[in-house]
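Listed here are the chains, written in short residue letters.
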Amino acid sequence: MPLNFFLICFPSPGASDESWLSMRMARGCFVKSPVAFVCGVVSVCCLLVVVITVLKLPEASVTNRMIPSFRPRETRTILGDAKIGIFEEIIIKMLPEDLAFTVFIPSERAFERDLRFNASDSLKADKFNNTYAILTHIFGFSVVPRTISSVSVPFGEEISYDSLSGFSLYISKDSDGMLIVNGVRSEHVDLWKGKIVVHIMDGVIMDAEFEESVQTEDNEED
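Attention in this report is confined to the structure presented alongside it. All values reported here derive from a predicted model rather than from experimental measurement.

**Looking at the overall build of the chain**
A count of helices and strands for the chain gives nine helices and eight strands. Among the 222 residues that make up the chain, the fraction classed as buried is 32%. A sequence separation of at least 24 residues applies to 55% of the contacts in the chain between residues at least 6 apart. Carbon together with sulfur atoms contributes 58% to the accessible area of the chain, which is approximately 14800 Å² in total.

Shown next as structure tokens:
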């Protein structure tokens, strides 16, 4: 409050009558000033309430609430829930469950059609070693030491990885979400056993040299 106001409203004891007259004239100012002071205090309090309220408002989560996520979700089907044949099972058991691998394994029908494998005959004692050797080769051609799910393969593009044997695998995905590896289409995708992802293929993935050797053996047997 200005010093002149106190001098006018509260003159010193030795002040003249003119000073007392000035004091009476300023009485209106003395009455109005407390009202202005109260109004100022109220305004400041209201401003503080608004500021505190704004600061306490929860932050909107733009990522989780405002923007919907269009990232495809990976659906995991446990391998035990799917029906697999004895030859697929032998190959899968060659892999440790606690390490990340992907195997593009032939279906039971593909084993029988392309390799002439039959569970009741190919696993007999006199043929078991030969059968196991062929399965070991197929294992090297069809296993990749990393996780490749159908979700990780972009639609309309082709990606490539080397298998354990160094054989190049060219992987793409069709409109049905099935994977195509070196021209062989999958029947089932994203079957999991531990950290291993299994894709059941409608064909055998192998190089031309091994395919020719297998066909030669079949012709000799015939």
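Additional details are given in the paragraphs that follow.
**With respect to unusual backbone geometry**
Notably, N182 is not glycine yet its phi reads approximately 50 degrees, a positive angle. Even without being a glycine, D190 presents a positive backbone phi close to 60 degrees. Turning to its location among the elements, D190 is positioned in strand 7 (residues 184-193).

**Looking at the pairing of strand 4 (residues 159-162)**
As paired elements, strand 4 and strand 5 (residues 168-173) share four bridges and run antiparallel to each other. Note on strand 5: the bridge partner recorded for Y161 is L169. In textbook terms, the turn of a hairpin is the stretch between consecutive antiparallel strands, and for strand 4 and strand 5 this stretch comprises five residues, one of which, G166, has a positive phi near 90 degrees.

**Describing helix 8 (residues 128-142)**
Look at helix 8: 21 Å from first C-alpha to last across 15 residues, which is about the 21 Å you get at 1.5 Å a residue. The set of residues buried in helix 8 consists of T131, I134, L135, I138, F139, G140, F141 and S142.

**Some remarks on the environment of I91**
One can find I91 in helix 5 (residues 86-92). With 49 residues separating them in the primary sequence, I91 and G140 have C-alpha atoms 9.9 Å apart. Residues within four places of I91 in sequence aside, it is in contact with V103, I105, F111, L135, I138 and F139.

**Let's talk about the pattern of salt bridges**
Two side chains with opposite charge may pair up if their charged atoms get near one another. Within this structure, the stated rule accounts for ten salt bridges. We note a salt bridge from D202 to R113, for which the minimum N-O separation is 3.2 Å. With D202 in the loop between strand 8 (196-201) and helix 9 (208-221) and R113 in helix 6 (residues 108-115), this pair connects stretches of sequence that are 89 residues apart. Under the relative-accessibility criterion, R113 is labelled partly exposed at 41%. Among the salt bridges present, the one from K124 reaches D121, with a minimum N-O distance of 3.7 Å. Among the residues examined, D121 registers a relative accessible area of 27% and is labelled partly exposed. Several salt bridges converge on common partners, so that one network encompasses R109, R113, D114, E187 and D202.

Conventions used here
- Residues numbered from 1 in each chain as written.
- Predicted model: local features only at pLDDT ≥ 70, side-chain atom pairs only at ≥ 80, totals over all residues.
- Heavy atoms only, no water.
- Helix = DSSP H or I, 4+ residues; strand = E, 2+ residues; numbered from the N terminus.
- Buried < 20%, exposed > 50% of the residue type's maximum accessible area, 1.4 Å probe, protein only.
- Contact = heavy atoms within 4.5 Å.
- Areas by Shrake-Rupley, 256 points an atom, 1.4 Å probe, with all protein chains shown as cover.
- Pairing = 2+ DSSP bridges.
- Expected span 1.5 Å × (residues − 1).
- Salt bridge = Lys/Arg side-chain N within 4 Å of Asp/Glu carboxyl O.

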